[in-house]
Amino acid sequence: MTWRIVEISSNSKLEYKLNYLVVRTPFEIRKVYIPEIAVLIIESTAVSLTATLLCELTKRKIRVIFCDEKRNPYSELCPYYGSHDTVRKLRIQYCWDEDLIEAAWTKIVHDKISKQRDVLFRRGLFQKSELLSEYLSQMEPYDLTNREGHAAKVYFNALFGKDFSRNSDCISNAALDYGYTILLSAFNREISICGYYTQIGIFHDNIFNPFNLASDLMESFRPIVDEYVVSSDFKKFDSEQKAKVVNLLNSYVHINGKQNHLINAIRIYVQSFFDAMEHGDLTRMVSYEVSVYEGDGFL
């Protein structure tokens with residue numbers, strides 16, 4: 001089972017040798033067993049990679065994220081096809097029943113607001129938590145009354161203060177955006193592995209967004225990033241803090257009655273979504289639970 005998140009943040013040469021990722025720096029040589037790697041993040045632009053390594057990583061469906069000169073995620077390495085029957089799954093994806101799509105998006109939004117409510121409750125913001133419970137009771141199919149938007153305003157202002165805006169240029173937003181990008185990448189990876197297209201969403205439908213479906217499915221997982229960022233209270237956001245946010249994928253959540261690393265929970269969640277859509281039964285779609293938040297993640 002893949003679980004390791006590898007981050008390369010300094011001048012290095014990466015190559016493939018006998019099932020290992022070999023990292024050569026001016027000072028040392030390190031090896032990482034490739035079957036353990038889930039995500040490889042190339043944070044520094046002073047990194048070179050061999051074509052052999054890139055091909056091997058792609059064959060093993062390992063997500064490779066490249067960062068720009070500001071060390072922010074900028075692009076990803078993706079294979080052309082995620083599974084042997086991608087064409088069949090694309091046909092299925094194009095023909096998903098509209099009523100099922102509506103019900104699936106309603107469930108995702110409901111789960112997202114529910115998780116936001118739980119974050120507020122864990123932080124002792126009981127009055128605001130109750131208000132989100134009211135929004136949940138007012139949910140309509142496809143969230144036509146935009147309970148998601150109303151909940152988001154209450155939620156973010158409760159966590160970060162009344163003057164906070166998601167459009168403002170601040171450390172908290174930088175951390176949130178970085179965390180969401182890491183989540184998006186993890187969901188893209190699992191969608192591709194399952195053989196479906198990330199471009200075709202059930203709610204998001206932006207012609208300039210190649211990750212519409214991942215943007216849909218990650219929604220209920222965003223509160224994990226939110227709670228980590230507000231609890232960390234970053235005074236700056238550079239490489240050290242970014243590494244901590246990336247490591248959030250190794251924190252634990254409960255899903256299907258078992259404790260799993262978040263990165264594995266995402267895999268289980270995505271697979272359950274496609275299973276639910278293929279069988280027309282949303283009861284097959286699972287949800288994660290957080291029991292305790294401590295310092296660097298969830299238990």
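Counting of residues starts from 1 at the beginning of each chain's written sequence and follows it residue by residue. Confidence filtering applies because this is a predicted model: local features only for residues at pLDDT of at least 70, side-chain atom pairs given and counted only at 80 or more, and all residues used for totals across whole chains, interfaces and linings. Side-chain metrics rest on all non-hydrogen atoms present in the structure, leaving aside hydrogens and water.

### A closer look at a nonpolar patch on the surface
On the surface, L18, Y20 and Y33 cluster together into a nonpolar patch covering about 320 Å² of accessible area. With respect to the helices and strands, Y20 occurs in strand 3 (residues 20–24). Think of it in three bands: with a 1.4 Å probe and only protein chains considered, a residue is buried below 20% of the maximum accessible area for its type, exposed above 50%, and partly exposed in between. Note on Y20: relative accessible area 33%, which makes it partly exposed. Only residues above 30% relative accessible area that lack a salt bridge enter a patch, with like-charged residues linked at up to 9 Å and the nonpolar side chains Val, Leu, Ile, Met, Phe, Trp and Tyr linked at up to 5 Å. Accessible areas in this description were obtained via Shrake-Rupley with a 1.4 Å probe; residue shielding takes into account the shown protein chains only. A side-chain nitrogen of Lys or Arg and a carboxyl oxygen of Asp or Glu constitute a salt bridge if their distance falls within 4 Å. Helix and strand assignments follow DSSP, with helices taken as H or I runs no shorter than four residues and strands as E runs no shorter than two, numbered in order from the N terminus.

### A closer look at the pattern of salt bridges
If you walk through the whole model with that rule in mind, you get 22 salt bridges. We note a salt bridge from E278 to R88, for which the minimum N-O separation is 3.6 Å. Of this pair, E278 sits in helix 10 (residues 262–279) while R88 sits in helix 2 (residues 86–94), placing them 190 residues apart in sequence. The shortest N-O distance in the salt bridge between K235 and D233 comes to 3.1 Å. Looking at K235, the relative accessible area reads 66%, which means it is exposed. What makes D233 partly exposed here is its relative accessible area of 47%. Among the charged side chains, a network of salt bridges with common partners joins D85, R88, K89 and E278.

### Structural notes on the sheet that holds strand 8 (residues 73–77)
Any two strands with at least two DSSP bridges between them are considered paired. Strand order in the open sheet formed by 4 strands is 1-5-7-8, and the pairing between neighbours is mixed. Of all strands in the sheet, those with a lone pairing partner are strand 1 (4–8) and strand 8, marking the two edges. Averaged over all pairs of adjacent strands, the angle between strand axes in this sheet comes to 20°, irrespective of strand direction. Looking at chain direction, strand 5 (residues 37–42) and strand 7 (residues 63–67) are connected through 4 bridges and run parallel. Residue pairing across strands places V39 opposite R63, the latter belonging to strand 7. Every axis corresponds to a line fitted to the C-alpha atoms, with the helix fit spanning only the stretch in contact, and the corresponding angles, defined between N-to-C directions, vary from 0 to 180 degrees.

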